[in-house]
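Residues per chain, in single letters:
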Amino acid sequence: MTGVPAAAPRPHHVDPRPVRRMVPRSREEPHRVATPLELFFDLCFVVAVGQAGRELAHDLAAGHYGDGLTGYAFAFFAIWWAWMNFTWFASAYDCDDVPYRVTTLVQIAGVLILAAGVPRMFADQDLVLSVIGYVVMRLAMVTQWLRAAASEEGPARGVALRYAIGISLCQVAWVVVLLLPHDVRSYVIPLGILAELSVPVIAELRLRTSWHPHHIAERYGLFTLIVLGETVAAATVAVQSAVDEHEGLGRLLPVAGGGLLICFSAWWIYFARPVHDHLRSNRQAFAWGYGHYLVFGSAAAIGSGLEVAVESAVHKAHISETAATATVTVPTAVYLFTVWLLHARQTKSGVAQVLLPAASVAVLACTAAGGSGVLVAGLVTAATVAVGIALHAREGAGAGSREA
């Protein structure tokens, strides 16, 4: 997934031919940005994120915490893993020809099939449709790696073939899972996830594929942005439905206001400073890329929590106000801490270094405020942004005085 170029990457030039050789792109390629196809890919994937989030909200509001969190973790892994594998592959081999585009559209079709199966997975533990969608996505990825192998030679060809073989074997395993009794699946599924995670490690054990730091940072940032947008949309729909049914606008305004502050702050904190300059080594990129499972998952879960908080405000949820508030504060705290852990701490020093960890603890403490906890958490995150801006300004002023 990450590492030094597998072969001498070539500068990327626009090639009018409909079918091209899939050669590795240069890590130093100037002006490398996300393509319209990649943006379309992200937008379609977030449909599945929205489905998983809605089902999580339904289970949490009903008090089915274990089933909801387990189903969400599994569904989100399938979405995130397929998205991440495509993203890193594209950073290395995107040739943007007709076969590449068609294969990517097949992957999009797969995630839409997976999304259609998410409600069944949560309600009845019926994995058939979701697994079919996942297998479609992953087998499309196999064809991409086979194309890369056909264009490579030597060790780089071996890397591509190991990816293709490893992914294929994992898909066979997922089909076998569908044939197992339900009570056995819970033990086998973690093994399948571990096998999926091990494929890049084994494939790139001796030689690493190429990747572009700025392109990768932009792709992850764009997906974070889209997930946060889905969170805002989910909360908006929940508020609208509650108002239409109960006309309890006074009870909903604190939840809506607090949720909006949390989402705005989450965006501000993630994009406060560029991170691509800090993705220098393979180890950094590996931890950063895998760690975003928690960033994406918690960002989407904030929207689910806001839906639960809205239902609690109009007395439709079957859990306490404190528990409903926790469905917002817990993912918000996870988001703040994980963003700090992955890249915010790389650009901060002194007091600023402990700002986000302290904010995550403060947000968790807001759970004790019960029904008003979402608004208080929103104020805490907004204050965190304000303090961060002030510290950054003071740091800039100090640097300026030293230069003078």
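Residues numbered from 1 in each chain as written. Predicted model: local features only at pLDDT ≥ 70, side-chain atom pairs only at ≥ 80, totals over all residues. Heavy atoms only, no water.

A. Fine view of the overall build of the protein chain. Secondary structure summary: the protein chain contains 12 helices and 0 strands in total. Here the C-alpha radius of gyration of the protein chain, 22 Å, is about what a compact globule of 404 residues would show, namely 22 Å. The principal-axis extents of the C-alpha atoms in the protein chain amount to approximately 70 × 65 × 35 Å. A total of 404 residues make up the protein chain; the buried ones form 53% of that total. For the protein chain, restricting intrachain contacts to residue pairs at least 6 apart in sequence, the fraction spanning at least 24 positions comes to 81%. For the protein chain, the exposed area adds up to about 17,600 Å²; of that, 68% sits on carbon and sulfur atoms. Averaging the locations of the 27 positively and 29 negatively charged side chains of the protein chain gives two centres separated by 11 Å. (Helix = DSSP H or I, 4+ residues; strand = E, 2+ residues; numbered from the N terminus. Rg over C-alpha atoms; globule rule 2.2 N^0.38 Å. Buried < 20%, exposed > 50% of the residue type's maximum accessible area, 1.4 Å probe, protein only. Contact = heavy atoms within 4.5 Å. Areas by Shrake-Rupley, 256 points an atom, 1.4 Å probe, with all protein chains shown as cover. Lys, Arg positive; Asp, Glu negative; His and termini not counted. Charge placed at Lys NZ, Arg CZ, Asp CG, Glu CD.)

B. Structural detail: the packing of aromatic side chains. Per the stated rule, a full pass over the model turns up 29 aromatic pairs. Measuring from centroid to centroid gives 5.9 Å for Phe-77 and Trp-80, while their planes differ by 55 degrees, and the two rings are tilted. Within this pair, Phe-77 and its partner Trp-80 are both found in helix 2 (residues 65-93), separated by 3 residues, close to a single helical turn. Assessed through its relative accessible area of 4%, Trp-80 is described here as buried. Ring centres of Trp-80 and Tyr-293 lie 5.1 Å apart, and the angle between their planes is 65 degrees; this geometry places the pair in the edge-to-face category. With Trp-80 in helix 2 and Tyr-293 in helix 9 (residues 282-313), the pair connects residues that are 213 residues apart, well separated along the chain. Classification of Tyr-293 as partly exposed rests on a relative accessible area of 22%. Ring pairs connect the aromatic residues Tyr-72, Phe-76, Phe-77, Trp-80, Trp-81, Tyr-290 and Tyr-293, which therefore count as one cluster. Taking NZ or CZ as reference, Arg-27 lies 4.0 Å from the ring centre of Trp-211, over its face. (Phe/Tyr/Trp six-rings, centres within 6.5 Å; stacked < 30°, edge-to-face > 60°. Lys NZ or Arg CZ within 6 Å of the ring centre and 35° of its normal.)

C. Representation of helix 3 (residues 98-124) within the structure. Its 27 residues place the ends of helix 3 39 Å apart at the C-alpha level, agreeing with the 39 Å of an ideal helix rising 1.5 Å per residue. At Gly-117, helix 3 is deflected by roughly 35 degrees, the largest bend along its length, and proline Pro-119 occurs up to four residues later in sequence. Among the residues of helix 3, the N-terminal cap falls to Asp-97, whose side-chain oxygen and the backbone nitrogen of Tyr-100 are separated by 3.0 Å. Taken from the residues just after helix 3, Gln-125 is the one with a positive phi, measuring 55 degrees. (Expected span 1.5 Å × (residues − 1). Bend = angle between axes of the 7 residues up to and from the residue. Polar contact = N/O pair within 3.5 Å; in protein donor to acceptor, adjacent residues only side chain to side chain.)

D. Structural context of the environment of His-318. Topologically, His-318 is positioned in the loop between helix 9 and helix 10 (321-342). Along the backbone, His-318 and Ile-165 are 153 residues apart, and their C-alpha atoms lie at a distance of 47 Å. Beyond its immediate stretch of four places on either side in the chain, His-318 contacts Ala-61 and Ala-62.

E. Representation of the pattern of salt bridges in the model. If you walk through the whole model with that rule in mind, you get 7 salt bridges. Close ionic contact of Glu-29 with Arg-25 constitutes a salt bridge, the shortest N to O distance being 2.7 Å. As far as the burial class goes, Glu-29 and Arg-25 line up, both buried. Among the salt bridges present, the one from Arg-219 reaches Glu-38, with a minimum N-O distance of 3.5 Å. In this pair, Arg-219 is assigned in helix 7 (residues 213-246) and Glu-38 in helix 1 (residues 36-61), connecting sequence segments 181 residues apart. According to the relative accessible area criterion, Arg-219 is buried, its value standing at 0%. Taking relative accessible area as the criterion, Glu-38 reaches 1% and is therefore assigned buried. (Salt bridge = Lys/Arg side-chain N within 4 Å of Asp/Glu carboxyl O.)

F. Region of interest: unusual backbone geometry. If you check the backbone angles, Asp-96 has positive phi at about 55 degrees while not being a glycine. Secondary-structure assignment places Asp-96 in the loop between helix 2 and helix 3. On the basis of relative accessibility, which here comes to 24%, the residue Asp-96 falls in the partly exposed class.

G. Here's a closer look at a nonpolar patch on the surface. Nonpolar side chains collect at one region of the surface, where Leu-225, Trp-267, Trp-268, Phe-271 and Ile-389 lie side by side and expose about 480 Å² of accessible area between them. Its place among the elements puts Leu-225 in helix 7. Given a relative accessible area of 39%, Leu-225 falls into the partly exposed group. (Patch = residues over 30% accessible without salt bridge, like charges linked within 9 Å, V, L, I, M, F, W, Y side chains within 5 Å.)

H. The nonpolar core, seen in detail. Counting residues in each nonpolar core, the largest one holds 116 residues, and the members touching the most others are Phe-45, Trp-145, Tyr-220 and Tyr-335. Per element, the largest residue contribution to this core is 18 residues, and it comes from helix 2. Not counting residues within four places of it along the chain, the set of residues in contact with Trp-145 comprises Phe-89, Tyr-93, Ala-160, Tyr-163, Ala-164, Ile-167 and Thr-209. (Core = buried A, V, L, I, M, F, W, Y, C linked by side-chain atoms within 4.5 Å.)

I. Region of the structure containing helix 6 (residues 182-203). Taking 1.5 Å per residue, 22 residues should reach 32 Å; helix 6 reaches 32 Å between its end C-alpha atoms and fits that length. Approximately 35 degrees is the largest bend angle found in helix 6, and it occurs at Val-188, with the proline Pro-190 only one to four residues beyond.

J. Main features of the packing of helix 2 against helix 4 (residues 128-151). Where helix 2 meets helix 4, the axes come as close as 11 Å, and the angle between the chain directions of the two elements is 15 degrees. Classed by the angle they form, the pair helix 2 and helix 4 counts as roughly parallel. Relative to helix 4, helix 2 is oriented so that their crossing is left-handed. On helix 4, the residues touching Phe-77, Ala-78, Trp-81, Ala-82, Asn-85, Phe-86, Phe-89 and Tyr-93 of helix 2 are Tyr-134, Met-137, Arg-138, Met-141, Gln-144, Trp-145 and Ala-148. Residue classes in the contact of helix 2 with helix 4 are distributed as 12 nonpolar, 2 polar and 1 charged. (Axes fitted to C-alpha atoms, helices over the stretch in contact; angles between N-to-C directions. Parallel < 35°, antiparallel > 145°, perpendicular 65-115°, else oblique. Left-handed = near helix turned anticlockwise from the far one by under 90°. Nonpolar A, V, L, I, M, F, W, Y, C, P; charged D, E, K, R; others polar.)

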